[in-house]
Amino acid sequence: MSERRRTAVLVSGRGSNLHALIEATSRPGAAATIAVVLSNRADAFALERARAARIPTRIVDERDHATRDAFERDLDDALQGADIELVCLAGFMRILSADFVERWRDRVLNVHPSLLPALRGLDTHRRALDAGVRFHGCSVHFVRPALDAGPIIVQGVVPVHQDDTPETLAARVLAVEHRCYPLALELVASGRARVEQERVVIDGATVPETVLISPLALR
Ligand code: GRF
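Residues numbered from 1 in each chain as written. Predicted model: local features only at pLDDT ≥ 70, side-chain atom pairs only at ≥ 80, totals over all residues. Heavy atoms only, no water.

Student: Could you clarify how one ought to interpret the environment of Glu72 in this entry?
Tutor: Inspection of the secondary structure assignment puts Glu72 in helix α3 (residues 68–81). The buried category is assigned to Glu72, whose relative accessible area is 3%. In this structure the C-alpha to C-alpha distance between Glu72 and Gly204, which are 132 residues apart in sequence, comes to 37 Å. Setting aside its immediate chain neighbours within four residues, Glu72 contacts Ile95, Leu96, Ser97 and Phe100. Within the local environment of Glu72, its side chain forms a polar contact with the side chain of Ser97, the two groups lying 2.4 Å apart. (Helix = DSSP H or I, 4+ residues; strand = E, 2+ residues; numbered from the N terminus. Buried < 20%, exposed > 50% of the residue type's maximum accessible area, 1.4 Å probe, protein only. Contact = heavy atoms within 4.5 Å. Polar contact = N/O pair within 3.5 Å; in protein donor to acceptor, adjacent residues only side chain to side chain.)

Following this line, the structure appears as structure tokens:
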């Protein structure tokens, strides 16, 4: 594929996933290019990362709009204006309306810090610890109108340690997000991942043989 798919990243905060996406799409042969970074917060650190990479930025703040419709119209205009084909939500703290999501169906990706469909919503690391699960992780999925729902493209799994806090667990998951999100974007942008009957089919995917059991053994 010669033309790179023009991708927008939508952010609200620190932008570590944005950083991972910028790094990955800067490599020769990448199927996507980050053409614009949109933030609903002017003070998001993610914007500094975009500027450092010389990527155009736009602020579209819902608080400057009278209605959600008006906000999303602006968002849409910004995306259309930049000729965007794919959208990556990366710590974007706004829920998009069903209308918006349907208009961009199968073109909006999100990263969520849990192994979906478990633990939708916020505070996933604390909830994973409370539930006593042995494994946790992240999911990159196509966005659907329901919160944290939609066909899963890539998942990454981490073990939960007995002495984990929500912070130590979050850090372990975040490191895996930074590997999964660029992979998912590459699969979608290159056309290797497609949605069939609400599941993602990936051409030529190899999957790990490994079975993970935790805890491993008693000492
Ligand atoms: C990540 O944990 C992501 O899973 C969640 O929001 C966080 C964003 O982090 N949706 P960052 O802004 O990419 O550093």
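On we go from here.
Student: I'm lost on the packing of helix α1 (residues 16–25) against helix α2 (residues 45–52) in this one. Help?
Tutor: In a packed pair of helices, the relevant descriptors are the angle between the two axes and the axis-to-axis distance. One can describe the packing of α1 onto α2 by two numbers: an axis separation of 9 Å at closest approach and a directional angle of 20°. Accordingly, the angle class assigned to the pair α1 and α2 is roughly parallel. Two packed elements cross with a definite hand, and for α1 against α2 that hand is right-handed. Of α2, the residues touching α1 (which contributes Ser16, Leu18, His19 and Ile22) are Ala46, Arg49 and Ala50. Of the residues belonging to the contact of α1 with α2, the class tally is four nonpolar, two polar and one charged. (Axes fitted to C-alpha atoms, helices over the stretch in contact; angles between N-to-C directions. Parallel < 35°, antiparallel > 145°, perpendicular 65-115°, else oblique. Left-handed = near helix turned anticlockwise from the far one by under 90°. Nonpolar A, V, L, I, M, F, W, Y, C, P; charged D, E, K, R; others polar.)

Student: When you look at helix α5 (residues 124–131) in this model, what are you seeing that I'm missing?
Tutor: Turn by turn, an α-helix covers 3.6 residues, leaving residues three or four places apart pointing in a common direction. Every buried residue of α5 is listed here: Thr124, His125 and Ala128. Buried positions in α5, seen along its axis, are confined to an arc of 100° and lie on one side of it. Where α5 ends, the next residue or the one after it, Gly132, has phi of about 75°, a positive value. (Arc of directions from axis to C-beta.)

Student: I keep staring at the packing of α5 against helix α6 (residues 166–189) and nothing clicks. Help me out?
Tutor: The N-to-C vectors of α5 and α6 enclose an angle of 115°; their axes lie 9 Å apart at closest approach. Judged on the interaxial angle alone, α6 and α5 are roughly perpendicular. The handedness of the crossing between α5 and α6 is right-handed. Here His125, Arg126, Ala128 and Leu129 of α5 lie close against α6, whose contacting residues are Pro166, Leu169, Ala170 and Val173. Residue composition of the contact of α5 with α6, by class: six nonpolar, one polar and one charged.

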